[in-house]
Amino acid sequence: MATTDPGASSPAVPAGRAAGGRRRARAPRRFSAGQLLLTVLLIGFAALFLYPLVWLVAASLKPAGQVFDNALIPRTWRFDNYVDVWRELPLLHWVGNSVCIALLAAALVAVSSSIVAFGFAYFRFPGRGVLFGLVLATMMLPASVTMIPTYLIWKLTGLLGTWVPLFGANLFGSAFYIFLQRQFYLGLPRELFEAARIDGSSYWQMFWRIAMPLSLPSFVIVFLFEFQASWNNFQGALIYLNAGSVEGFTAPLGVAYSMTKYSPTAGGHADYQYVMVAALLVTLPMLVLFSFGQRYFIEGVATQGRQG
């Protein structure tokens, strides 16, 4: 039986370990030419995309005669523009109308698309693939093809001139959002739903108590997409709203109206600084919304590629 000699020297310990676990000094990171070029390109594209926003902010702080001088730093600062715009334009009414319509449209399409997507993901029935293919085929139709038939439908219902045409169709879901959420539901373990069925849960209970909480990122991303689309829906408001007063306009329609109001050809005084202020204030809610929902937005986009 072999014995250990206490006096024998221990094996050599690497210098890094003998130093009591001290970390080795890291060599300074060196950027390759490709990484440097990529960094420069990213900074350049970031500046390119930020330029319109910076220009808009600068134009909103200028007097009427300097709005279009393309200077990013105003020669004359007019902070009063942000006070006078509320007197010149019914901006608060426009923003309020857009918020209500966008919230209704986003909430309705998110819930309805989730229900349809859960049905396609969970239930196994003959012809499911064909039916889902027909749903996706509706995405191939250009909006200009369905514009006139949709207008005639709302005309027959007597709802022209109201908010309903701007969000009513969302009660039936959206093919694009159904596809996104179905892909998310297919990534959920089916055993969860089978266990819930054994415990006596109904299909509605499985949807509201299991599928919806687990699919919150996809729900939020659909809500954000539709809120943004409804907020910027100028064409729909122009066709269906036909408000009797300027206060009934939505934000995009109101900004377009203000361009006409201050146009010299229409008898205006070319006070385009108010148009710039209105355009900036209409843009800010989207920036705030995506800032608060960024975590869900990224998580939702990253998980949409799951396949069942």
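Structure shown above.
Okay, so let's go over this structure. Values in this document were obtained by computation on a predicted structure and should not be read as measured data. (Residues numbered from 1 in each chain as written. Predicted model: local features only at pLDDT ≥ 70, side-chain atom pairs only at ≥ 80, totals over all residues. Heavy atoms only, no water.)

Let us look at the overall build of the protein chain. Looking only at helices and strands, one finds 15 helices and 0 strands in the protein chain. When each of the 308 residues of the protein chain is scored for burial, the buried share is 34%. Across the protein chain, every contact between residues at least 6 apart in sequence was considered, and the portion connecting residues at least 24 apart equals 70%. Per element, the accessible surface of the protein chain, about 19,000 Å² overall, is 67% carbon and sulfur. (Helix = DSSP H or I, 4+ residues; strand = E, 2+ residues; numbered from the N terminus. Buried < 20%, exposed > 50% of the residue type's maximum accessible area, 1.4 Å probe, protein only. Contact = heavy atoms within 4.5 Å. Areas by Shrake-Rupley, 256 points an atom, 1.4 Å probe, with all protein chains shown as cover.)

Here the focus is the pattern of salt bridges. Considering all chains together, one arrives at 4 salt bridges under this definition. Between K62 and D69 there is a salt bridge, with its nearest N and O atoms 2.5 Å apart. In this structure, R190 and E194 form a salt bridge, with 3.4 Å as the shortest nitrogen-oxygen distance. With R190 and E194 both in helix 9 (residues 190-198) and 4 residues apart, the pair spans about one turn of that helix. (Salt bridge = Lys/Arg side-chain N within 4 Å of Asp/Glu carboxyl O.)

Taken together, the side chains of L50, Y51, V54, L72, I73, W77 and F79 make up a nonpolar region of the molecular surface, amounting to roughly 730 Å² of accessible area. Structurally, the position occupied by V54 is in helix 2 (residues 33-60). Given the relative accessible area of 40%, V54 is considered partly exposed. (Patch = residues over 30% accessible without salt bridge, like charges linked within 9 Å, V, L, I, M, F, W, Y side chains within 5 Å.)

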